Amino acid sequence: MNDYPVVLTINCGSSSVKFSVLDAETCDVLLSGICEGINTDKAFITVNDGEPVILARQNYEEALAEISSELEKRNLIDSVAFVGHRIAHGGSLFSKSVLITDDVIEKIRLVSPLAPLHNYANLHGVESARLRFPGVPQVAVFDTSFHQTLKPEAYLYGLPYRYFEEYGVRRYGFHGTSHRYVAQQACDLLGLNVEDSGLVIAHLGNGASVCAVQNGESVDTSMGMTPLEGLIMGTRCGDVDFGAMAWLARQTGQSMDDLEQVVNKESGLLGLSGLSSDLRTLENAWHNGDERAQRAIKTFVHRIARTIGAHAAALNRLDGIIFTGGIGENSILIRRLVSERLQVFGVELDIDKNNQPNRSGERIISCEQSPVILAVIPTNEEKMIALDALHLGRECHLAEYA
Ligand SMILES: Nc1ncnc2c1ncn2[C@@H]1O[C@H](COP(=O)(O)OP(=O)(O)O)[C@@H](O)[C@H]1O
Ligand SMILES: CCC(=O)OP(=O)(O)O
Ligand SMILES: [Mg+2]
């Protein structure tokens, strides 16, 4: 291993590659950035929140090449001891993080049709990184792992049981790496004993999900067999009556593939507003009295509050409701509107605390007397990915020298 080893974490999305470089000893972030516009006509890289720089080509290989060159500039390239990859769907094939081998890649490919917006991109990242960093152990960290503790009553659909038995149709849940991190941090922040705690976590980003965490374990979550179920998201519709979709198919003559495109890419905040999938744009429009933005935001909030309420029922006791993800961490408006809807639980938001910017870090935003604590915890999936990569990578090095 190198004298000053670092871990590179990679989160390849359908149009972006998020990356971080962490010190392997301290897990301090040494470098982070994002390549955006992959598979479009203009891609660029932003490092440490600096000025965006245009990429010569708009593919994953080029993104990885640029990330390597950023590492080279800082003399970090030979220090990369492990690479950790975010993989959205592990299906029932993976219940925890694993070292990546050819066999693991083939297995990930098998479950990829269940998370088409994410897994194929994740695999591109794995393949590009294996070419760039040959011989460096690479680790897959799955969104689905944390939810392996779900009981059958939480993961089964109300379909004929044979579909589960014969085709494996069940709920898996996603954003597990984020929910796992936030649950740990929340117990510290709220002064709870992990073994005796009940939390509902709302991860609100472009993709969004709620998770009920009891005694440190996921007991229910809003996403399903695919990352489409549950909340309304940037471009995904979340829960929708299957009967409505069947009716629509007959009325419009659209195929299953057409409708899959509609529910994944043309719905959610984008579809409801006709304006944007980006909450910042919608908030600006909301403040200017735009009715379309108001419609989208009110529907988004209604679904979040209803889903948080439903997840509270999966717990023995509700200690706290935690907001995270790009929207959960930054949107004062969404947190206020959701909290207003949750007054039925007696929760009381402290308006001044809610107004604090996200750079304040982990923070309680409810009033002292609130029986359920409201808090914001900035997620850190990169740290969890790096820790798993370190753990498995070290085991692999030890095995080599045994
Ligand atoms: N300051 C902000 N105020 C409101 N929304 C924000 C702010 N910053 C980011 N967001 C929203 O966060 C969402 C992206 O969240 P993020 O967790 O980064 O998404 P991803 O799922 O791609 O990781 C977008 O809708 C964006 O508008
Ligand atoms: C796979 C879960 C998800 O929606 O991820 P995203 O928030 O990165 O889109
Ligand atoms: Mg995300």
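Residues numbered from 1 in each chain as written. Chains lettered and ligands numbered in written order. Predicted model: local features only at pLDDT ≥ 70, side-chain atom pairs only at ≥ 80, totals over all residues. Heavy atoms only, no water.

**Q** So, the site of ligand 2: which residues are in play, and what are the values?
**A** For ligand 2, the full set of nearby residues is Arg86, Ala88, His118, Asp143, Phe174, His175, Gly207, Met223, Pro227 and Arg236. Arginine 86 places a side-chain nitrogen or oxygen 3.0 Å from an oxygen atom of ligand 2. A distance of 3.4 Å separates an oxygen atom of ligand 2 from a polar atom in the backbone of glycine 207. Here ligand 2, which alone exposes 290 Å², has 86% of that area covered by the protein. A domain split of the shell around ligand 2 shows at least three residues from each of domain 1 (6-142) and domain 2 (186-381). (Near = heavy atom within 4 Å. Polar contact = N/O pair within 3.5 Å; in protein donor to acceptor, adjacent residues only side chain to side chain. Areas by Shrake-Rupley, 256 points an atom, 1.4 Å probe, with all protein chains shown as cover. Domains from an automatic or database assignment.)

**Q** So what about the sheet that holds strand 7 (residues 98-99)? Which residues, and what values?
**A** The strand order across the open sheet built from eight strands is 5-4-3-2-1-6-8-7, with neighbouring strands paired in mixed fashion. Whereas interior strands pair on both sides, the edge strands pair on one side only; in this sheet they are strand 5 (53-54) and strand 7. The pairing of strand 7 with strand 8 (residues 138-142) spans two bridges and is classified as antiparallel. Directly across from leucine 99, in strand 8, lies its bridge partner valine 139. (Pairing = 2+ DSSP bridges. Helix = DSSP H or I, 4+ residues; strand = E, 2+ residues; numbered from the N terminus.)

**Q** Lay out a nonpolar patch on the surface in plain terms, naming residues and giving numbers.
**A** A grouping of Leu159, Tyr163 and Tyr167 is seen on the molecular surface, where their side chains present a nonpolar patch of about 330 Å² in accessible area. Tracing the chain through its elements places tyrosine 167 in helix 5 (residues 161-167). (Patch = residues over 30% accessible without salt bridge, like charges linked within 9 Å, V, L, I, M, F, W, Y side chains within 5 Å. Salt bridge = Lys/Arg side-chain N within 4 Å of Asp/Glu carboxyl O.)

**Q** How would you sum up the environment of leucine 189? Please name residues and give values.
**A** By secondary structure assignment, the location of leucine 189 is in helix 6 (residues 176-190). C-alpha of leucine 189 to C-alpha of arginine 363: the two residues are 174 residues apart in sequence and 7.8 Å apart in space. Not counting the four nearest positions on each side in its chain, leucine 189 is found in contact with Glu362, Arg363, Ile364, Ala375 and Ile377. (Contact = heavy atoms within 4.5 Å.)

**Q** Before we move on, could you go through the side chain of serine 267 and cite the residues and values that matter?
**A** Positionally, serine 267 belongs in the loop between helix 8 (256-265) and helix 9 (268-273). By relative accessible area, which is 12% here, serine 267 ends up buried. Reaching out from serine 267, the side chain makes a polar contact with the backbone oxygen of valine 262 at a distance of 2.6 Å. Leave out the neighbours within four places in its chain, and serine 267 touches Gly234, Thr235, Arg236, Cys237 and Val262. (Buried < 20%, exposed > 50% of the residue type's maximum accessible area, 1.4 Å probe, protein only.)

**Q** Which residues make up unusual backbone geometry, and what values do they have?
**A** With phi around 65°, cysteine 27 is a residue other than glycine that occupies positive phi space. Within the element layout of this structure, cysteine 27 appears in the loop between strand 2 (16-23) and strand 3 (29-36). Among the residues examined, cysteine 27 registers a relative accessible area of 12% and is labelled buried. One non-glycine residue with positive phi stands out, namely asparagine 39, at about 65°. For asparagine 39, the position within the fold is in the loop between strand 3 and strand 4 (44-47).

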